[in-house]
Amino acid sequence: RLNSEYTDIDLTFDHDASYNLDVTYPSDAFVRLPHDLGKFEEKTTELDPPVRMEYGPVGKNPGRSKVTITVSRKANISLNHR
């Protein structure tokens with residue numbers, strides 16, 4: 001679990017890694033997720049300011065493994081697989 005304010009997050013996982021991803025961030029954050037490795041659902045709250053959520057499985061068999069990232073202020077979030 002990562003919580004951040006005004007801090008960029010750049011994570012790199014093994015290409016074969018599998019996990020459930022849950023990312024919550026403000027609408028002014030830049031987010032790059034491994035869309036080629038997972039199918040994510042998106043929600044935007046009606047809060048002021050709006051908060052976006054993207055979540056879903058990454059990889060072939062995520063089981064109970066989970067990566068949770070919560071950003072409360074503007075930041076860059078990047079998840080990579082190598």
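A few points on the structure. Keep in mind that this is a model prediction, so the values were computed, not measured.

Quick word on the sheet that holds strand β8 (residues 76-81)
Link 1 in the chain: An order of β2-β8-β4 is seen for the three strands of this open sheet, with the pairing classed as parallel. On the outer flanks of this sheet lie β2 (9-13) and β4 (30-32), each paired with one strand and no other. Within this sheet the neighbouring strands show an average axis-to-axis angle of 10°, counted without direction.
Link 2 in the chain: Pairing of β2 with β8, which is carried by five bridges, proceeds in the parallel orientation. Among the inter-strand pairings, I9 is bridged to a residue of β8, identified as I77.

A few points about the pairing of strand β7 (residues 66-71)
Sheet faces and side chains relate simply in a regular strand, where the side chains alternate between the two faces.
Link 1 in the chain: When strand β1 (residues 2-4) meets β7, the two strands line up parallel, connected through three bridges. Paired with S4 across the strands is V71, a residue of β7.
Link 2 in the chain: Two strands pair when backbone bridges link them, and strand β3 (residues 19-26) and β7 are joined in this way by five bridges, in the parallel orientation. Its bridge partner being in β7, L21 is matched across the sheet by V67.

Digging into the pattern of salt bridges
Link 1 in the chain: A full pass over the atoms with the stated rule returns two salt bridges.
Link 2 in the chain: Close ionic contact of E5 with R73 constitutes a salt bridge, the shortest N to O distance being 4.0 Å. Linking E5 in the loop between β1 and β2 with R73 in the loop between β7 and β8, this pair joins segments that are 68 residues apart in sequence.
Link 3 in the chain: Note on E5: relative accessible area 47%, which makes it partly exposed.
Link 4 in the chain: For R73, a relative accessible area of 42% gives the class partly exposed.

Details of the nonpolar core
Link 1 in the chain: Core analysis: the largest hydrophobic core is formed by 17 residues, its most contacted members being L21, I69 and I77.
Link 2 in the chain: Sorting elements by how many residues they give to this core places β3 first, with four residues.
Link 3 in the chain: Beyond its immediate stretch of four places on either side in the chain, L21 contacts L33, F40, E54, Y55, G56, V58, V67 and L79.

Regarding the pairing of strand β5 (residues 41-44)
Link 1 in the chain: Judged from the four bridges that link them, β5 and strand β6 (residues 51-58) form a sheet pairing that is antiparallel. The residue bridging K43 from the neighbouring strand is M53, located in β6.
Link 2 in the chain: Hairpin remark: β5 followed by β6, antiparallel, with six residues in the connecting loop.

How each quantity is defined
Residues numbered from 1 in each chain as written. Predicted model: local features only at pLDDT ≥ 70, side-chain atom pairs only at ≥ 80, totals over all residues. Heavy atoms only, no water. Pairing = 2+ DSSP bridges. Helix = DSSP H or I, 4+ residues; strand = E, 2+ residues; numbered from the N terminus. Axes fitted to C-alpha atoms, helices over the stretch in contact; angles between N-to-C directions. Salt bridge = Lys/Arg side-chain N within 4 Å of Asp/Glu carboxyl O. Buried < 20%, exposed > 50% of the residue type's maximum accessible area, 1.4 Å probe, protein only. Core = buried A, V, L, I, M, F, W, Y, C linked by side-chain atoms within 4.5 Å. Contact = heavy atoms within 4.5 Å.

The quantities given are spatial measurements derived from coordinates; they are silent on function.
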